[in-house]
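What the coordinates show
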Amino acid sequence: MSFSEAAGFIREHGRFLITSHVNPDGDGIGAMMGLDWVLRKLGKQSVMVLESPPPEIFGFLAGYSRICSMEGAGDMSPFDIAILVDSPTMERVGRAVELIAPNAAVLNVDHHISNKYFGQVNLVEPTFSSSAEMIYKLALELGLTPDRDCAEYLYTGMIIDTGRFRFSNTSPATLLTAAALVQAGVRPDKVSEGIYDAKTLETTRALGRFIDSIQIHLGGRAAVGAFEHDFIASEEYRHVETEGFVNHALSIRGVEVAAFLKEVEQGKTRASLRSRGGIDVNRLASVFGGGGHTRAAGCTIMAPLDEARQKLLEQMAKGMD
Ligand SMILES: [Mn+2]
């Protein structure tokens, strides 16, 4: 499916729901907001809804309050037209799926290699760094050049998914798009400060806790850090944003694969996985029903923390020679 077909889908409809996966990262948020800007520029109606309130850390983006949660959506009726961004499956949007009418026309815009092609129109491009980078190309396809606000949304998505242009998904095209966004008025220092230098004290303390929790396994090739359920359920944790924590485990010399485990509910452990190349964490995550990208993926393991760690390490060992 091409960008022109996705553009055609947008042109032929008038009122859209935009949503993304639960616990959205900066790419989910940036791509949603960029797409919302595009639709409104075209004179369309657009509503952004996520299962839960969006992470506060992206609150510096102009118009951020346009994003509502399912709770904030109240008794909004289901939409006939929906666009999912950065979500590999329909289920990943969580309860926001209730706002998509059963017979709705769905456009699926995503760059996850694990994408399940669930839409009527599927624009799935795993070679793109981020969904935000895809939205930039889609905007051009629709004859629009992002203004500074829109450029900031898309730039935010791109720096999150490329780790500030450090990861292997940073292609020449990624950097050319980033250059165009800076040309459009993005201040890289301002965006970077907004995301990386505006942490809550609880987040910085939690990073220390995460780093302390790291254990090395599989002869030094795997690093696993974890938060127990008690901490996750605490009042303090409500002010913690864990985006990027797992990379501290991956940055240890000799480590090829890293995991951040969170026992989100008793007996239910969420795993964020990162790899430097040798191990395909999309495949690793898929063993547990998750997915993502070759070097960044996630899954939920239906087991308490210690058991989840053991299961994961067994699968990691299988992926090594
Ligand atoms: Mn993404």
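What you see is a predicted model, and the numbers here were worked out from it, not measured in a lab. Position numbers for residues count from 1 along each chain, tracking the sequence in the order it is written. pLDDT decides what is reported in this predicted model: residues at 70 or higher carry local features, side-chain atom pairs at 80 or more are listed and counted, and totals for whole chains, interfaces and linings draw on all residues regardless.

Observations concerning the sheet that holds strand 1 (residues 15–20)
- Whether two strands pair comes down to DSSP finding at least two bridges between them. Secondary structure elements follow DSSP: runs of H or I no shorter than four residues count as helices, runs of E no shorter than two count as strands, and numbering proceeds from the N terminus. The strand order across the open sheet formed by 6 strands is 3-2-1-4-5-6, and the pairing between neighbours is parallel. The open sheet has two edge strands with one neighbour each: strand 3 (67–69) and strand 6 (121–124). The mean angle between the axes of side-by-side strands here comes to 30 degrees, regardless of whether they run parallel or antiparallel.
- Bridging between strand 5 (residues 100–110) and strand 6 involves 4 bridges; their strand directions are parallel. Across the sheet, the residue bridging to Val 109 is Leu 123, located in strand 6.
- Across the sheet, helix 1 (residues 3–12) touches strand 5 and strand 6, and the angle it forms with strand 6 is around 135 degrees. For helices, the fitted axis covers only the stretch in contact; all axes are lines through C-alpha atoms, and the angles between them, taken along N-to-C directions, range from 0 to 180 degrees. A residue pair is marked as a contact if its C-beta atoms, positioned from the backbone, fall within 7 Å.

With respect to the domain arrangement of the protein
- The domains assigned to the protein are domain 1 (3–196) and domain 2 (201–319).
- Three residue categories are used. Nonpolar comprises Ala, Val, Leu, Ile, Met, Phe, Trp, Tyr, Cys and Pro, charged comprises Asp, Glu, Lys and Arg, and polar comprises the others, including Gly. Counted by class, the side of domain 1 that touches domain 2 contains 5 nonpolar, 4 polar and 1 charged residues. Source of the domain bounds: an automatic or database domain assignment.

Let's talk about the nonpolar core
- In plain words, the nonpolar core is the set of buried Ala, Val, Leu, Ile, Met, Phe, Trp, Tyr and Cys residues that C-beta atoms within 7 Å link up. Here the C-beta atoms are placed from the backbone, and a residue counts as buried if at least 20 other C-beta atoms lie within 10 Å of its own, exposed if 12 or fewer do, and partly exposed otherwise. Of all hydrophobic cores here, the largest spans 54 residues; its most connected members are Met 32, Leu 35, Ile 83, Ile 135, Leu 154 and Tyr 155.
- Excluding residues that lie within four positions of it along the chain, Ile 135 makes contacts with Ala 31, Gly 34, Leu 35, Val 38 and Leu 154.
- Core analysis: the next-biggest nonpolar cluster, separate from the first, contains 32 residues, Ala 222, Val 255, Ala 271 and Cys 299 among them.

Digging into unusual backbone geometry
- With phi around 60 degrees, Arg 164 is a residue other than glycine that occupies positive phi space.
- Tracing the sequence through the fold places Arg 164 in the loop between helix 5 (148–162) and helix 6 (172–183).
- Assessed through the 15 C-beta atoms surrounding it within 10 Å, Arg 164 is described here as partly exposed.
- The phi dihedral of Phe 165 falls on the positive side, at around 65 degrees, and the residue is not glycine.
- Mapped onto the elements of the fold, Phe 165 is located in the loop between helix 5 and helix 6.

Here's the deal with the sheet that holds strand 8 (residues 222–227)
- Reading across from one edge, 7-8-9-10-12-11 is the order of the 6 strands in this open sheet, with mixed pairing throughout. Both outer strands of the open sheet, strand 7 (215–217) and strand 11 (291–292), are each paired with one neighbouring strand and no more.
- Across 6 bridges, the pairing between strand 10 (residues 268–275) and strand 12 (residues 296–301) is antiparallel. Among the inter-strand pairings, Ser 272 is bridged to a residue of strand 12, identified as Gly 298.
- Across the sheet, helix 12 (residues 305–319) lies against strand 7, strand 8, strand 9 (257–265), strand 10 and strand 12, angled at about 150 degrees from strand 9, the strand it touches most.

Focus on helix 12
- Here, expected helix span is obtained from the residue count minus one, scaled by 1.5 Å. For helix 12, spanning 15 residues, the distance from its first C-alpha to its last is 21 Å, which sits close to the expected 21 Å at 1.5 Å a residue.
- Burial in helix 12 covers these residues: Ala 308, Arg 309, Leu 312 and Met 316. All buried residues of helix 12 fall inside an arc of 100 degrees around its axis, so they share one side. Away from its buried face, by an angle of more than 90 degrees, helix 12 presents the exposed residues Gln 310, Glu 314 and Lys 318. Within this analysis, the arc is defined by the directions that extend from the helix axis to the C-beta atoms.

Some points on the packing of helix 4 (residues 131–141) against helix 5
- Where helix 4 meets helix 5, the closest approach of the two axes is 7 Å, and the angle between their N-to-C directions is 145 degrees. Of the residues in helix 5, those in contact with Ser 131, Ala 132, Glu 133, Ile 135 and Tyr 136 of helix 4 are Leu 154, Gly 157 and Met 158.
- In the contact of helix 4 with helix 5, the residues fall into 5 nonpolar, 2 polar and 1 charged.

Here's the deal with the pairing of strand 12
- In terms of residue burial, strand 12 counts as a mostly covered element, since 5 of its 6 residues are buried.
- Pairing geometry for strand 11 and strand 12, over 2 bridges, is antiparallel. Directly across from Gly 292, in strand 12, lies its bridge partner Ala 297.
- Adjacent in sequence and paired antiparallel, strand 11 and strand 12 are bridged by 3 residues.

With respect to the pairing of strand 5
- Sheet topology places strand 4 (residues 79–85) next to strand 5; 6 bridges connect them, and they run parallel. Across the sheet, residue Ile 81 finds its bridge partner in strand 5, namely Ala 105.

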